[in-house]
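Coordinate analysis (summary)
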Amino acid sequence: DEFHGNVTMEFQDSTSMRACSLILSWNSEVFTYLFSELRQGTVELEDFSKDVAVMFLESLYRGDVVVEKSHFRELYKISHAFKVKWMVEKCTDAFTQFCQSCPRDANEMSFLFSEALYSETSQKSGQLIEIVVAAFSKIGN
């Protein structure tokens, strides 16, 4: 039998917020397992900044997310950790756009390349690495 109701999400700064386990479970098999199988009423999100964790949770309620370079890495990480497939895809698509904009700064390209390697679990990782390599080849041309 399913357990659904309000659960507590705890953040790095020792604050917390309530969330609906049904909405979280609908988006994530990890949340489904935590709430239905383990019957956990509290989830610690202490490995992620509060700002990104709240953005992640709000996005689960909305069913959409805006991915920006400033929070890409951590948003990808939390989406991947909780196996929110649609959000991982949004992050992957945003990363593709970041790479295709082909910044000329070598530090920026290094960041993007490390993100491509980090996202190797994504179905699109091969494509992402190809885009980064192509962008690297344009630097200085």
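Up top is the structure.
Quick summary incoming for the structure in this document. Since we're looking at a predicted model, the values are computed, not measured. (Residues numbered from 1 in each chain as written. Predicted model: local features only at pLDDT ≥ 70, side-chain atom pairs only at ≥ 80, totals over all residues. Heavy atoms only, no water.)

**Some words on the overall build of the protein**
Across its full length, the protein holds seven helices and three strands. Helices and strands in the protein line up, N terminus first, as β-β-α-α-β-α-α-α-α-α. Counting over 141 residues, the protein shows a buried share of 40%. Per element, the accessible surface of the protein, about 7,900 Å² overall, is 50% carbon and sulfur. (Helix = DSSP H or I, 4+ residues; strand = E, 2+ residues; numbered from the N terminus. Buried < 20%, exposed > 50% of the residue type's maximum accessible area, 1.4 Å probe, protein only. Areas by Shrake-Rupley, 256 points an atom, 1.4 Å probe, with all protein chains shown as cover.)

**So, unusual backbone geometry**
Positive phi outside glycine occurs at S14, with the angle close to 70°. On the secondary structure map, S14 appears in the loop between β1 (6–10) and β2 (16–20). For S14, a relative accessible area of 72% corresponds to the exposed category. One non-glycine residue with positive phi stands out, namely R39, at about 55°. Tracing the chain through its elements places R39 in the loop between α2 (29–37) and β3 (42–44). By relative accessible area, R39 is classed as partly exposed at 41%.

**What about the packing of aromatic side chains?**
Applying the stated criterion to the full structure yields six aromatic pairs. Centroid distance F31 to F35: 5.7 Å. Interplanar angle 5°. Geometry classified as stacked. Residue F31 and its partner F35 are located together in helix α2, separated by four residues, close to a single helical turn. F35 matches F31 in its accessibility class, with the two residues each being buried. Centroid distance F56 to F82: 5.8 Å. Interplanar angle 35°. Geometry classified as tilted. Linking F56 in helix α3 (residues 50–62) with F82 in the loop between α4 (72–81) and α5 (85–100), this pair joins segments that are 26 residues apart in sequence. Of the residues examined, F82 reaches a relative accessible area of 7% and is grouped as buried. An aromatic cluster is built from F31, F35, F56 and F82, whose rings are joined through pairwise contacts. (Phe/Tyr/Trp six-rings, centres within 6.5 Å; stacked < 30°, edge-to-face > 60°.)

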